[in-house]
Each structure stands twice: as structure tokens, then as C-alpha cells.
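What follows is each chain in one-letter form.
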Amino acid sequence: MSIQGTDAYQDFTTLPVLVRRAVAAARRHGFAFSCRPEQGRLLQVLAAGAPNGIAETGTGCGVGLAWLVSGAAPGTRIISVERDRARARIAADLFRDCPHVQVLHGDWRRVEEHGPYDLLVLDGGGQAKGDGAADPARLLAAGGTVVIDDFTPATTWPPHFDGAPDRPRLHWLEHPELRATELRLAPDLGVIVGTRLPTR
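In short, a report on the structure. Remember, it's a predicted structure, so these values are computed and weren't measured experimentally.

Rules behind the numbers
Residues numbered from 1 in each chain as written. Predicted model: local features only at pLDDT ≥ 70, side-chain atom pairs only at ≥ 80, totals over all residues. Heavy atoms only, no water. Phe/Tyr/Trp six-rings, centres within 6.5 Å; stacked < 30°, edge-to-face > 60°. Buried < 20%, exposed > 50% of the residue type's maximum accessible area, 1.4 Å probe, protein only. 1 Å grid on protein atoms, 1.4 Å probe; cavity = no way out; pocket = protein on both sides within 12 Å on 5 of 7 lines; lining within 4 Å. Points joined across faces, edges and corners; volume = space filled by probe spheres on them. Helix = DSSP H or I, 4+ residues; strand = E, 2+ residues; numbered from the N terminus.

Here's the deal with the packing of aromatic side chains
Link 1 in the chain: This model, assessed by the stated rule, comprises two aromatic pairs.
Link 2 in the chain: Relative to Phe12, the ring of Tyr9 lies with its centre 6.1 Å away and its plane at 55°, an arrangement referred to as tilted.
Link 3 in the chain: Judged by relative accessible area, Tyr9 falls into the buried class, the value being 2%.
Link 4 in the chain: For Phe12, a relative accessible area of 34% translates into the label partly exposed.
Link 5 in the chain: Aromatic side chains Phe31 and Phe33 sit 6.0 Å apart centroid to centroid with 75° between the ring planes, which places their arrangement in the edge-to-face category.
Link 6 in the chain: Accessibility expressed as a relative area gives 35% for Phe33, which makes it partly exposed.

Some words on the layout of surface pockets
Link 1 in the chain: If you add up the space inside the second largest pocket, you get close to 190 Å³.
Link 2 in the chain: Leu18, Arg21, Ala25, Arg28, Ile90, Asp93, Leu94, Phe95, Arg96, Asp97 and Cys98 together form the lining of the second largest pocket.
Link 3 in the chain: Contributions of two or more residues to the lining of the second largest pocket are made by α1 (17-28) and α4 (85-94).
Link 4 in the chain: Take the lining of the second largest pocket: its biggest share by element is four residues, from α1.

Here is the structure:
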């Protein structure tokens, strides 16, 4: 979920069909916080390497989910959770012809019902970002990938936010179950990508 993410698609003429439909739905319903195109392209690529299960929190109107579906192999099980009931209905309707895609209404913890996953995308807008509740050992298959979005790119170590160490960012970068790094997708947009270490 990105501030003014929906507006970032204004100049894009070539998009996957599902992404185009999701952006149109977000515009119709006045939802401004869609996944940005830079992140969407990353999700599309990562989804191609997730053979069994993908989960996402913070569906919004389904733009990020559309990027995931556009990249995933046919039949890969994809779960997305949205806490706003109306937006969950909008997204579910968008993917009604995709039997391997399920949009759930509720708190982000509903992803726990269907894991572990090969790819887990956590909404950086607040759901599970760094409170310790999203446990990679429980939610990711060995070798699985987690993506946490919507960071301002770090320019110092340790990274800071509002003059103090950025604890949510450090939670993931230093997580003992992961090998993680930050990727700069745009001058103002970073994500953390981590891979779960093999079980010992």
C-alpha cells in the first residue's frame, strides 16, 4: 500500500490485463493507496518462483494481487487478506474467474490459516510490519521469500526514522530466521526482501 500509488499508473499504457482492471477499480472507488508499478513488477517476478503458495496482506482493491497473479504459474494458490470489508468484496469480484485466488476479509493474521508459503508479501502500511507477530518460521516454507513494502530508502546504518533507529526495518533486516536486504525500487521507495534459512 503506497501513498498516491494509484496515481502512479497514469502514464502506463502497457500493463497486465488484471493489473489494468484492478487500477480501474481502485480509481472508481477512490482508493489512492495501491501498490506502485515499481513494486508490482518486483512482485510479478517473485511470484514466478513460488510454485505452491503465495500470500499477501493489505489487498486494497487488488492491484498488488493482480501483479502476483500475473506472474504466478497457473494453479499456484494465492491468498490475500483485506481488513476493509468493502474493499475485500471489490477485490474478490475482480478475481472471481481465478479459482486459485482467494480474497479473505479480516485481520492480516488470517494468512496463518493457509501457510506456509513460498512467497509472503506484508503490507508496509502497518499490518505485521515489525511487531514480531508475523513469524517467518511459521509462515514461510524453507527457502521461502518475504517482502515488506513501503519503506523510504535507507541512507545510513543503522537506518533511522524520525531521528531514532528504525526498529520495524531492523526487525526484518536482522531477523535470525532470514537472510534479508533492502532494495531501492525508486528514489523514494524501498522494500525489504528476505529468504527463510533452511531448517537446521
